[in-house]
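# Overview (structure and organization)
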Amino acid sequence: MLLSLENFSRRQKRLIFLTSDTFLVLVCLYAAFALRYGSFSPMSYAPAAWILLPVITTLGAVIINSLRLPKIKLATFEHRAIQQIGLAAVCLAALTMCVSYVFNLPAPRSVPIMFGALFFVGAVGMRVSALFLLSHMCDLSNGTRVSVAIYGAGSGGIQMAAALRQSSEARPILFVDDNPTLHGLMIAGLPVYSPTMLETLIARQSIQRVLVAMPSTAPERRKELARELSALPVDVQILPSYIDMMAGGGLPDPSRLVSPDELLGRDKVALDTPEIESSYAGRTVMVTGAGGSIGSELCRQLLKCQPARIVLFEQGEFALYEIDRDLRKRAADMNIPIVTRLGSVTNPARVASVIADEDVDIILHAAAYKHVPLVEDNELEGARNNVLGTQVVADCARAAGIERMILISTDKAVRPTNIMGATKRMAELVIQDMQTRSDTTKFAMVRFGNVLGSSGSVLPLFQKQIAAGGPITVTHPDVTRFFMTIPESARLVLLAGAYATGGDVFVLDMGQPQKIVDIARKMVELSGRTVKDPMTGIGDIAIEITGLRPGEKLYEELLIDNDSLVGTPHPKILRAEESMLSQLEVAGMLKELQACVTAGDRPRLRTLIFNRVDGYHKGGQGNIQHSIPAQS
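Residues numbered from 1 in each chain as written. Predicted model: local features only at pLDDT ≥ 70, side-chain atom pairs only at ≥ 80, totals over all residues. Heavy atoms only, no water.

## Observations concerning the overall build of the chain
- A count of helices and strands for the chain gives 21 helices and 21 strands.
- In the chain, buried positions account for 48% of the 632 residues.
- As displayed, the chain has an accessible area near 29,300 Å², and 57% of this comes from carbon and sulfur atoms. (Helix = DSSP H or I, 4+ residues; strand = E, 2+ residues; numbered from the N terminus. Buried < 20%, exposed > 50% of the residue type's maximum accessible area, 1.4 Å probe, protein only. Areas by Shrake-Rupley, 256 points an atom, 1.4 Å probe, with all protein chains shown as cover.)

Here's what the structure looks like:
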């Protein structure tokens, strides 16, 4: 409903308000007569006065439109808008008096005054009620809004609260202020508390961020606040001083959080389509690796699709606890059951029993070891989890005859130079092979670029390095990557499930890859700092080149063969039909892989990867860069 309201044109919204206000004129005029005569049928006492109803309603619509009441923006409804409504009420009352005089009607003199007062109260009340309803609907539809406490209930804090109310990313909850005379008051619709209560309020109100909005305070006080608040379990952001803002700069040490959207180097891809909701509504969806960056976001976005149940399957106890705690209340409000199940994807009995017990319809397979250097040094565990785990989940899905299974893969699976990428390509081969032997279940894959903001990505790493005063470490000045945000990646998985026909590889058109060193420079600038010049030493944060890590590529690719691309109903999502191994070859690969893991034979595993994974080579500094062609 909220999306349909937002899609109305400005002309349609104005027409709705004009119609509502005009109808309110009729209702209020009739109510004024009813109150004056103390009857629900007031026209029986003054039959000649009925002519006022159509005349005042018609002329009232002209007055309302002339005074631009339909053009008052609901989200910025404030005292000037109330003054305009008051002026309209006075004009309507005066108009009623004039029309009564012209037609020589026996209407009581108190009716126009009562009519004007009723219209004023009704028009203001209608807008306040609509604003409250829309805000409530926004909170329900966008469960990912960050809860914010604003430190400072002065003019800067009040303006910030007004701005945040219109934001889809954040929701102001309360004010905190040092002034004891403000404690217990309501300012801009928010309660004001003492700073000594902040830690308790963070836990009680589930506050995720504290915004210090005290631009007129001395820099020393803001620095002191930053040190005090850094001990709390929340993100802290500091609004620059008025002088800093006028100069176009920021504080030398603000804890500014850089949004992933600011680093994309392209516009966000709109992936909200009706196919997503219809494909998951009323179904039981199991997410493996539900506690990870991608898995947890998948679970959050699934809530909007109204599934029958979400099954959180996770090996890590704490990760499962965290995502369960995050989802539980929102899911309960939406009447969607959440089921938490501990277990490993490499345990066939556990996976099969969870699928059977929960009557799973769809599996989103996000469980994987993904950190390149770690998997490079622990290749047997990486292969066991990423390849054999995928085989276990796919076998169980096929045996249970579920509707769909979507594997989350990576661009590192294309001509891989590291074990992690090679194991993900082998997992893709397993899924492709499984599709050839499945009559019921549809198997598909989604290939990601680097996900900004996920664990181990450059965004949280660089943020920590900037907060520590640097240096920022970059492995090579020419390293480039494709980037996408966590919401984009989760939405891509859900859309892939909707578009899957079986054996497909889905990729997102992410434009041109970006240099990691450029991302580092941009993050420094967005954080209000400057990059240190290595020659002069001038600047705040240094960028150091550390050299490529084992198995790291200079360039990543999304497709093995660009000629295999086919379109989908969404212009920014592409489907690839890539080459695959025969059933016999996949069976041999898995048998040999199992033997390598059982025997703990690392050289044998690397030989297997070299023989079975097309394009695998050690190193990778000379690989060719490919991008997805833009769609017309």
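Moving on, there is more to tell.
## Focus: the environment of Asp-377
- Its location among the elements puts Asp-377 in helix α14 (residues 372-377).
- Residue Asp-377 is classed as exposed on the basis of its relative accessible area, which comes to 56%.
- Residues Asp-377 and Ile-419, spaced 42 residues apart in sequence, show a C-alpha to C-alpha distance of 8.9 Å.

## Considerations on a nonpolar patch on the surface
- Together, Phe-23, Leu-26 and Val-27 make up an exposed nonpolar region whose accessible area comes to about 260 Å².
- Leu-26 sits in the partly exposed class, given a relative accessible area of 32%. (Patch = residues over 30% accessible without salt bridge, like charges linked within 9 Å, V, L, I, M, F, W, Y side chains within 5 Å. Salt bridge = Lys/Arg side-chain N within 4 Å of Asp/Glu carboxyl O.)

## So, the side chain of Ser-100
- Structurally, the position occupied by Ser-100 is in helix α4 (residues 79-102).
- Polar contacts involving the side chain of Ser-100 include one to the main-chain carbonyl oxygen of Thr-96, which spans 2.8 Å.
- Those residues within four positions of Ser-100 in sequence are excluded, and the remaining contacts are Leu-52, Leu-105 and Ala-107. (Polar contact = N/O pair within 3.5 Å; in protein donor to acceptor, adjacent residues only side chain to side chain. Contact = heavy atoms within 4.5 Å.)

## A word on the nonpolar core
- By size, the foremost hydrophobic cluster in this structure holds 38 residues, and its most contacted members are Tyr-280, Leu-298, Leu-312 and Leu-364.
- Residue contributions to this core peak at seven residues, all from helix α18 (residues 486-499).
- When near neighbours in sequence (up to four residues on either side) are disregarded, Tyr-280 contacts Val-285, Leu-302, Cys-305, Gln-306, Pro-307, Ile-362, Leu-364, Arg-404, Val-493, Leu-494, Gly-497 and Ala-498.
- Grouped together as the second largest cluster of nonpolar side chains are 31 residues, Ile-85, Leu-92, Val-111 and Val-124 included. (Core = buried A, V, L, I, M, F, W, Y, C linked by side-chain atoms within 4.5 Å.)

## Quick word on a positive patch on the surface
- Taken together, the side chains of Arg-10, Lys-13, Arg-14, Arg-68, Lys-71 and Lys-73 make up a positively charged region of the molecular surface.
- With respect to the element layout, Lys-71 can be found in the loop between α3 (52-66) and α4.
- Judged by its relative accessible area of 41%, Lys-71 falls in the partly exposed class. (Lys, Arg positive; Asp, Glu negative; His and termini not counted. Charge placed at Lys NZ, Arg CZ, Asp CG, Glu CD.)

## What about the environment of Met-197?
- For Met-197, the position within the fold is in the loop between β4 (190-193) and α7 (198-205).
- Residue Met-197 is classed as partly exposed on the basis of its relative accessible area, which comes to 33%.
- For the pair Met-197 and Val-176, spaced 21 residues apart in the sequence, the C-alpha separation amounts to 8.6 Å.

## Focus: the packing of helix α16 (residues 419-436) against helix α20 (residues 583-599)
- Packing of α16 against α20 brings their axes to within 10 Å, and their N-to-C directions diverge by 135°. One way to sum up the angle between α16 and α20 is to call them oblique. The way α16 lies across α20 gives a crossing that is left-handed. For the pair α16 and α20, the contacting residues are Met-426, Leu-429, Val-430, Asp-433 and Thr-436 in the first and Gln-583, Val-586, Met-589, Leu-590 and Leu-593 in the second.
- Broken down by class, the residue content of the contact of α16 with α20 amounts to seven nonpolar, two polar and one charged. (Axes fitted to C-alpha atoms, helices over the stretch in contact; angles between N-to-C directions. Parallel < 35°, antiparallel > 145°, perpendicular 65-115°, else oblique. Left-handed = near helix turned anticlockwise from the far one by under 90°. Nonpolar A, V, L, I, M, F, W, Y, C, P; charged D, E, K, R; others polar.)

## A few points about the pattern of salt bridges
- Per the stated rule, a full pass over the model turns up 21 salt bridges.
- Across the salt bridge formed by Arg-300 and Asp-326, the nearest N and O atoms sit 2.7 Å from each other. Linking Arg-300 in helix α11 (residues 293-303) with Asp-326 in helix α12 (residues 317-333), this pair joins segments that are 26 residues apart in sequence.
- Notably, a salt bridge pairs Arg-606 with Glu-379, separated by 2.9 Å at the nearest N-O pair. Remark: Glu-379 occurs in helix α15 (residues 379-400) and Arg-606 occurs in helix α21 (residues 602-612); sequence separation between them is 227 residues.

## A few points about the packing of aromatic side chains
- Throughout the structure, instances matching the rule amount to one aromatic pair.
- Judged by centre distance (6.2 Å) and plane angle (35°), the ring pair of Phe-318 and Tyr-321 falls under tilted. Residue Phe-318 and its partner Tyr-321 are located together in helix α12, separated by three residues, close to a single helical turn.
- For Tyr-321, a relative accessible area of 45% gives the class partly exposed.
- Taking NZ or CZ as reference, Arg-36 lies 5.7 Å from the ring centre of Tyr-37, over its face.
- Above the plane of the ring of Tyr-280 lies Arg-404, whose end atom (NZ or CZ) is 5.4 Å from the centre. (Phe/Tyr/Trp six-rings, centres within 6.5 Å; stacked < 30°, edge-to-face > 60°. Lys NZ or Arg CZ within 6 Å of the ring centre and 35° of its normal.)

All we've got here are geometric facts, nothing functional implied.
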